[in-house]
Amino acid sequence: MTTSTTAAWALRPARPEDVEASAELRATVMRPDLERLGRYDEHRVRQRLRDNYAPEHTSVVVVDGEFAGCVTLRPVEDGWWLENFCLSPAVQGCGIGTAVLRSLLARADEEGAAVRLDVLQGSAARALYERHGFTEERQDPIDVFMVRTPGS
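Below you will find a few notes about this structure. (Residues numbered from 1 in each chain as written. Predicted model: local features only at pLDDT ≥ 70, side-chain atom pairs only at ≥ 80, totals over all residues. Heavy atoms only, no water.)

## Some thoughts on the layout of surface pockets
No. 1: Space inside the largest pocket adds up to approximately 1100 Å³.
No. 2: As for the largest pocket, its lining consists of 40 residues, of which Met30, Phe85, Val119, Ser123 and Ala125 are closest to the centre.
No. 3: Where the lining of the largest pocket is concerned, the elements lending two or more residues are helix 1 (19-36), helix 2 (42-52), strand 4 (79-87), helix 3 (96-111), strand 5 (114-120) and helix 4 (125-131).
No. 4: Across the lining of the largest pocket, the residue classes break down as 22 nonpolar, 8 polar and 10 charged. (1 Å grid on protein atoms, 1.4 Å probe; cavity = no way out; pocket = protein on both sides within 12 Å on 5 of 7 lines; lining within 4 Å. Points joined across faces, edges and corners; volume = space filled by probe spheres on them. Helix = DSSP H or I, 4+ residues; strand = E, 2+ residues; numbered from the N terminus. Nonpolar A, V, L, I, M, F, W, Y, C, P; charged D, E, K, R; others polar.)

## Some thoughts on the sheet that holds strand 6 (residues 135-139)
No. 1: With mixed pairing, 7 strands are arranged side by side in an open sheet as 1-2-3-4-5-7-6. The sheet is open, and its two edges are formed by strand 1 (9-13) and strand 6, each paired on a single side. Along the sheet, successive strands turn relative to each other by an average axial angle of 30°, direction set aside.
No. 2: Sitting on the sheet, helix 3 is in contact with strand 1, strand 2 (58-63), strand 3 (66-76), strand 4, strand 5 and strand 7 (143-148), with an inclination near 170° to strand 4. (Pairing = 2+ DSSP bridges. Axes fitted to C-alpha atoms, helices over the stretch in contact; angles between N-to-C directions. Contact = heavy atoms within 4.5 Å.)

## Overview of the side chain of Glu83
No. 1: Structurally, the position occupied by Glu83 is in strand 4.
No. 2: We classify Glu83 as buried; its relative accessible area is 18%.
No. 3: In terms of polar contacts, Glu83 uses its side chain to reach the side chain of Arg74, at 2.4 Å. (Buried < 20%, exposed > 50% of the residue type's maximum accessible area, 1.4 Å probe, protein only. Polar contact = N/O pair within 3.5 Å; in protein donor to acceptor, adjacent residues only side chain to side chain.)

## Quick word on the nonpolar core
Burial of nonpolar side chains together is a common tendency in soluble globular proteins.
No. 1: Ranked by internal contacts, the top residues of the largest apolar core, which has 27 residues, are Leu82, Phe85, Ile96, Val100, Val115 and Tyr129.
No. 2: When residues of this core are traced back to their parent elements, those giving at least two are strand 2, strand 3, strand 4, helix 3, strand 5, helix 4 and strand 7.
No. 3: Per element, the largest residue contribution to this core is 7 residues, and it comes from helix 3. (Core = buried A, V, L, I, M, F, W, Y, C linked by side-chain atoms within 4.5 Å.)

## Examining the pairing of strand 7
No. 1: Taken across its 6 residues, strand 7 has 6 buried, putting it largely inside the fold.
No. 2: Residues Asp143, Phe145 and Val147 line one face of strand 7 and the alternating positions Val144, Met146 and Arg148 line the opposite face, and both faces are buried.
No. 3: Here strand 6 runs beside strand 7; their pairing, made up of 4 bridges, is antiparallel. Bridging from a neighbouring strand, Thr135 pairs with Val147 of strand 7.
No. 4: Hairpin geometry of strand 6 and strand 7 is characterised by an intervening segment of 3 residues between the two adjacent antiparallel strands.

## Regarding unusual backbone geometry
Glycine aside, residues mostly have negative phi angles, and peptide bonds mostly take the trans form.
No. 1: Of note, the phi angle at Asp64 is positive, near 50°, even though the residue is not glycine.
No. 2: Checked against the element boundaries, Asp64 lands in the loop between strand 2 and strand 3.
No. 3: In this structure Asp64 comes out as exposed when scored by relative accessible area, which is 56%.
No. 4: One non-glycine residue, Asn84, lies in the positive phi region at around 50°.
No. 5: Relative to the elements of secondary structure, Asn84 occurs in strand 4.

## Details of helix 2
No. 1: All buried positions along helix 2 are accounted for by Val45, Arg46 and Leu49. The buried residues of helix 2 occupy an angular sector of 90° when projected down its axis, which confines them to one face. With respect to the buried face of helix 2, the exposed residues turned more than 90 degrees away are His43 and Asp51.
No. 2: Residues of helix 2 that are buried make contact with helix 1 and strand 4.
No. 3: The opening residue of helix 2 is Asp41, an N-cap whose side-chain oxygen sits 2.9 Å from the backbone nitrogen of His43. (Arc of directions from axis to C-beta.)

Just geometry here; none of it tells us what the structure is for.
The following block contains the structure:
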């Protein structure tokens, strides 16, 4: 799927060998928020993705033919769980994240399924999710848990 952003992008199915690039990207993009919260651990941030990596539910974001991100849309009892949505800083801010999110939400809407996620307290990503119809369900000192009902 491509869109009219400043760069050509596509989603492709993840492969087992994408795990290390995904873990490294996660560590890079989450570091500022985790440091702000006093929770950054160089090993743990990578290992958490490795431990939960599910290539069968993960897509790789490809921009101009190169690995530029990843996103997991995992089935759960009452819909989908969106996790590990990471984009390279080099492509952030040019509409690719919005386009990827819209494509995933369109899929969920077609199925009539809710989408849930958690975002770190104070993360700029929360505004992206709110613009796409996510609302807060609950929060704790580290995470805000959000939901989007179909068609929101």
